[in-house]
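Close look at the chain arrangement
Now for the letters of each chain:
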Amino acid sequence: MPHFLTTTVQHFPIAGVFTISRGSKTTASVITCQISDGEVSGWGECVPYARYGESLESVLAAIEAVRPSIESGLTRAELQKDMPPGAARNAVDCALWDLEAKQSGTPAYALAGISAPVPLTTAYTLSLGEPEEMMAQAQKYAHRALLKVKVGTADDTSRIRAVRQGAPESRIILDANEGWTEHNLAAHFAACAENGIALVEQPLPAGRDQALASITRPVPVCADESVHGTDDLKNLAGRYDAVNIKLDKTGGLTEALRMRAAAEALGLKIMVGCMVGSSLAMAPAMLVAQGADFVDLDGPLLLAEDRKPGLRYEASLVFPPEANLWG
């Protein structure tokens with residue numbers, strides 16, 4: 001049966017400004033992929049990421065390059081060979097999962113061989129700012145069970161203390177986005193231990209993180225930019241305690257599920273994260289996130305307006321997607 005592919009660029013305004021160590025943005029620009037058999041459609045969303053050399057134009061071009069194969073009935077297994085990991089493959093892969101679920105009448109979680117998903121506690125992300133600004137953010141969201149805090153400056157000790165003071169009861173993940181150096185690593189780790197930080201994400205630049213193997217790590221350290229797919233896991237030994245699995249990095253749900261199983265076999269803690277996107281991007285990640293040690297699927301909460309229908313968020317919980325959204 002022939003398929004029909006449609007791609008669309010959509011822009012979702014961010015509520016305020018989202019700031020990390022590499023810069024700020026006020027809009028989440030995503031690519032939506034629709035694959036239809038003429039009766040039902042499967043949907044997927046991806047977020048091109050400049051850090052990995054992606055742009056809206058390059059991702060659209062990558063999807064367009066495989067249009068003939070997609071419209072001829074490309075399978076998910078074939079897709080893994082025909083497209084490299086990254087945002088473009090993610091949008092197509094998730095659309096194919098959704099299409100298969102609708103065609104078969106079988107939920108995506110059952111197709112994946114996992115139990116029905118349950119609500120999960122998700123982190124809520126606080127932007128990088130001056131310590132007093134970050135304390136105010138932490139106080140505002142101190143009712144949330146899990147906060148993810150963007151850091152990554154030469155001196156984050158005061159920021160770590162300010163956030164802990166602002167949210168004394170919350171579990172806290174720090175995300176340095178490659179912003180620390182081997183020279184300030186020990187001081188920052190000491191501040192993490194002092195303030196009961198639960199996890200530190202990507203403290204050093206990918207490819208320049210050897211110091212993690214020779215320093216005492218008083219809190220678990222999670223790889224993000226240092227790992228994309230399953231084949232990268234072998235490079236984390238001795239340096240990382242956890243891995244952040246993002247569908248835009250792995251190139252879709254298919255590889256993300258494979259990567260999670262491999263990471264668990266290596267004894268790594270599992271974090272499932274996201275780029276800043278809509279509920280359509282978070283929905284398939286909910287399957288990978290079931291039972292994960294840390295869940296960071298708050299993208300829609302950072303938007304001024306989500307797509308409709310969207311995921312349901314209540315307090316710190318995110319609920320599995322309804323069938324009319326995805327899966």
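Throughout what follows, the structure given in this document is the object of discussion. None of these values were measured; they are calculated from a predicted model. (Residues numbered from 1 in each chain as written. Predicted model: local features only at pLDDT ≥ 70, side-chain atom pairs only at ≥ 80, totals over all residues. Heavy atoms only, no water.)

Before going further, it helps to spend a moment on the overall build of the protein. Looking only at helices and strands, the protein features 11 helices and 14 strands. Taken against the 2.2 N^0.38 rule, which gives 20 Å for 327 residues, the C-alpha radius of gyration of the protein at 19 Å falls within 12% of a compact globule. In terms of overall dimensions, the protein has a C-alpha envelope of 60 × 40 × 35 Å along the principal axes. Counting across all 327 residues of the protein, residues that qualify as buried make up 56%. The contacts in the protein between residues at least 6 apart in sequence include a share of 66% that link residues at least 24 apart. Here the protein has roughly 12900 Å² of accessible surface; of this, 52% comes from carbon and sulfur atoms. Considering the protein, the positive charge centre built from 28 side chains and the negative charge centre built from 39 side chains are found 3 Å apart. (Helix = DSSP H or I, 4+ residues; strand = E, 2+ residues; numbered from the N terminus. Rg over C-alpha atoms; globule rule 2.2 N^0.38 Å. Buried < 20%, exposed > 50% of the residue type's maximum accessible area, 1.4 Å probe, protein only. Contact = heavy atoms within 4.5 Å. Areas by Shrake-Rupley, 256 points an atom, 1.4 Å probe, with all protein chains shown as cover. Lys, Arg positive; Asp, Glu negative; His and termini not counted. Charge placed at Lys NZ, Arg CZ, Asp CG, Glu CD.)

Taken as a whole and judged by the stated rule, the model has three aromatic pairs. Taking the centre distance of 5.2 Å and the plane angle of 75 degrees together, the rings of tyrosine 49 and tyrosine 52 count as edge-to-face. An angle of 35 degrees between the planes, with centres 4.4 Å apart, marks the rings of tyrosine 124 and tyrosine 141 as tilted. Of this pair, tyrosine 124 sits in strand 5 (residues 124–126) while tyrosine 141 sits in the loop between helix 6 (131–140) and strand 6 (146–150), and the two are 17 residues apart along the sequence. For tyrosine 141, a relative accessible area of 18% translates into the label buried. The residue whose ring lies beneath arginine 76 is tryptophan 97, and the NZ or CZ to ring-centre distance is 3.6 Å. For the cation-ring pair, arginine 312 lies above phenylalanine 319, with the distance from its terminal atom to the ring centre recorded as 3.7 Å. (Phe/Tyr/Trp six-rings, centres within 6.5 Å; stacked < 30°, edge-to-face > 60°. Lys NZ or Arg CZ within 6 Å of the ring centre and 35° of its normal.)

Now for empty space enclosed by the protein. Counting across every chain of the model gives one cavity of 30 Å³ or more. Estimated volume of the largest cavity: approximately 90 Å³. Leu247, Asp248, Cys274, Met275 and Ala281 are, among the 13 residues lining the largest cavity, the residues nearest its centre. Considering each element in turn, the lining of the largest cavity owes the most residues, three residues, to helix 11 (residues 279–289). (1 Å grid on protein atoms, 1.4 Å probe; cavity = no way out; pocket = protein on both sides within 12 Å on 5 of 7 lines; lining within 4 Å. Points joined across faces, edges and corners; volume = space filled by probe spheres on them.)

With that settled, consider the packing of helix 10 (residues 253–265) against helix 11. The geometry of a pair of packed helices is captured by two quantities: the angle between their axes and the separation between those axes. At their nearest, the axes of helix 10 and helix 11 sit 10 Å apart, and the two run at 20 degrees to each other. Relative to helix 11, helix 10 is oriented roughly parallel. Helix-helix and strand crossings are classified by hand; for helix 10 and helix 11 the assignment is right-handed. Note on element contacts: helix 11 touches helix 10 through Pro284, Leu287, Val288 and Ala289, opposite Leu253, Ala256, Leu257 and Arg260. Partitioned by chemical class, the residues of the contact of helix 10 with helix 11 number seven nonpolar, no polar and one charged. (Axes fitted to C-alpha atoms, helices over the stretch in contact; angles between N-to-C directions. Parallel < 35°, antiparallel > 145°, perpendicular 65-115°, else oblique. Left-handed = near helix turned anticlockwise from the far one by under 90°. Nonpolar A, V, L, I, M, F, W, Y, C, P; charged D, E, K, R; others polar.)

On to the sheet that holds strand 3 (residues 41–46). If you walk across this open sheet you meet the three strands as 1-2-3, and the pairing is antiparallel. In this open sheet, the two edge strands, each paired with only one partner strand, are strand 1 (4–20) and strand 3. Sheet twist, expressed as the average angle between the axes of neighbouring strands with direction ignored, equals 20 degrees. Both strand 2 (residues 23–36) and strand 3 contribute to a ladder of six bridges, which runs antiparallel. What sits directly across from isoleucine 35, in strand 3, is glycine 42. Against the sheet, helix 4 (residues 87–104) engages strand 2 and strand 3, with an angle of about 155 degrees to strand 3. (Pairing = 2+ DSSP bridges.)

Glancing now at helix 10. Here helix 10 spans 18 Å end to end across 13 residues, near enough to the 18 Å set by a 1.5 Å rise per residue. Taken together, the buried positions of helix 10 are Leu253, Glu255, Ala256, Met259, Arg260 and Ala263. Projected down its long axis, helix 10 shows its buried positions confined to an angular sector of 150 degrees, all on one face. Looking at the buried positions of helix 10, the neighbouring elements they touch are helix 3 (76–82), helix 4, strand 10 (242–245), helix 9 (247–250), strand 11 (269–272) and helix 11. Backbone geometry just downstream of helix 10 places glycine 267 in the positive-phi region, at approximately 85 degrees. (Expected span 1.5 Å × (residues − 1). Arc of directions from axis to C-beta.)

Any functional reading would require information beyond the geometric quantities listed.
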